[in-house]
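Tertiary structure, described
Here is how the chains run, residue by residue.
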Amino acid sequence: MHTHFLGIDIAKSKFDCALVRPDGKVRNKVLSNNAQGFAQLLTWLDAHGVSSCQLSQLHVCMEATGIYWEALAEFLCDQGIAVSVINPAQIKSYGASRLMRSKTDKIDANLIAHFCKERLPQPWKAPAPHERVLRSLVLRLEALQNMLTQESNRLQVANAAVQPQIQNHIDWLNAEIKAVAKLIKDHIDKHPDLRQKRDLLQSIPGIGERTLAIMLAYFGSTEQFDNARKAVAFVGLDPRQHESGSSVKGKPRMSKVGHAFVRKALYMPAMAALYKTDWGKCFRDRLASAGKPPKLIIGAMMRKLIHVAVGVLKSNKPFNSALHCA
């Protein structure tokens, strides 16, 4: 039974706290988004009636803002505190329902705290330490690849005076990408749980080594999602309907209310599955014969890949093409 509700509006360097106490009063505090700030948060909570032996009475809620929330959420979960991580769009809609006319970090923290008390969202499950490391490595690899693309584009139009420096940076980035890719492989090999799940995902035609690591990082914990539909919604690949009465009948579209990085990473594997694998070609032909346009088929395959990946991980059985190409 939670008696205290803490809303956190988090940013890169600091986070704003709003604590709703049992008497309805709200207390606010601004802390640094680092280890020192995390420790100060526990001290501040203790001063307001949430001691170390009462942390189970606290429910914390924060928005999934980039990666800024992850360290604090993991720290609080490690303390045995219930933490809910909410899509920012949900908080924005909640604020609109309360006719919020102003927006500041303090106001947002108060809004999140009252949302937590009123809606009682489901607690977030922190990944295991080795899964956190894998996710960090995957994100680092993505950042390096983005920088490589930017520098390669600059090299094509750069003045001859700076081309050698850009080329040196490109060479360094290529070396770092290879090093991080090896770290990812070695990390997976070192942990039997990740290694077993990797072998299961490798059985899915169309899934490459990079996509495999991303799926392990975000879908590897079978406890994170009760079913594949929730995993699809997490990525923002669930369809969004827009109909009203008899006159408004919009076409269903991808909601895109979810993790953009994972969604982007699934595009090329979906294309490879649709055009390079037998089961993907069967899937494409079935939808094309039903009159579905190419873009819809690609989005459907991106969803299908998540369903298949979650399925093999939960069942602990490798991919069976007979189930997908009848």
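Higher on the page you've got the structure.
Described below are features of the structure shown in this document.

Reading guide: rules and limits
Residues numbered from 1 in each chain as written. Predicted model: local features only at pLDDT ≥ 70, side-chain atom pairs only at ≥ 80, totals over all residues. Heavy atoms only, no water. Pairing = 2+ DSSP bridges. Helix = DSSP H or I, 4+ residues; strand = E, 2+ residues; numbered from the N terminus. Axes fitted to C-alpha atoms, helices over the stretch in contact; angles between N-to-C directions. Contact = heavy atoms within 4.5 Å. Parallel < 35°, antiparallel > 145°, perpendicular 65-115°, else oblique. Left-handed = near helix turned anticlockwise from the far one by under 90°. Buried < 20%, exposed > 50% of the residue type's maximum accessible area, 1.4 Å probe, protein only. Lys, Arg positive; Asp, Glu negative; His and termini not counted. Salt bridge = Lys/Arg side-chain N within 4 Å of Asp/Glu carboxyl O. Phe/Tyr/Trp six-rings, centres within 6.5 Å; stacked < 30°, edge-to-face > 60°.

1. Some remarks on the sheet that holds strand E4 (residues 58–63)
Within the open sheet, the 5 strands sit side by side as E3-E2-E1-E4-E5. Their pairing is mixed. Sheet topology places strand E3 (26–32) and strand E5 (82–86) at the edges, where each strand pairs with a single neighbour. Along the sheet, successive strands turn relative to each other by an average axial angle of 20°, direction set aside. One ladder, built from 6 bridges, connects strand E1 (residues 4–10) with strand E2 (residues 14–20); its direction is antiparallel. The partner of Asp 9 across the bridge, within E2, is Asp 16. Together, E1, E2, E3, E4 and E5 form the strand contacts of helix H4 (residues 105–119), whose direction differs from that of E1 by roughly 140°.

2. Overview of the packing of helix H5 (residues 129–157) against helix H8 (residues 209–219)
Orientation of H5 relative to H8, taken along the N-to-C sense of each, is 140°, at an axis distance of 8 Å. Between H5 and H8, the angle is such that the two are oblique. When you trace H5 past H8, the crossing you get is left-handed. Contacts between H5 and H8 involve Leu 134, Arg 135, Val 138, Leu 139, Glu 142 and Gln 145 from the former and Arg 210, Ala 213, Ile 214, Leu 216, Ala 217 and Tyr 218 from the latter.

3. A word on the side chain of Asp 9
Mapped onto the secondary structure, Asp 9 falls in strand E1. Lys 103 is the oppositely charged side chain nearest to the buried, salt-bridge-free Asp 9, at an N-O distance of 5.5 Å. What Asp 9 contacts, discounting residues up to four positions off in sequence, is Lys 14, Phe 15, Asp 16, Glu 63, Asp 105, Asp 108, Ala 109 and Ile 112.

4. Details of the packing of aromatic side chains
Under the criterion given, the structure shown has 7 aromatic pairs. On the basis of an interplanar angle of 65° and a centroid distance of 6.2 Å, the ring pair of Tyr 218 and Phe 261 is categorised as edge-to-face. Of this pair, Tyr 218 sits in helix H8 while Phe 261 sits in helix H10 (residues 260–265), and the two are 43 residues apart along the sequence. Here the two residues Tyr 218 and Phe 261 agree in accessibility, since each one is buried. Here a set of aromatic residues connected by ring pairs shows up, and it is made of Phe 15, Phe 38 and Phe 75.

That's the geometry; what it means functionally is another story.
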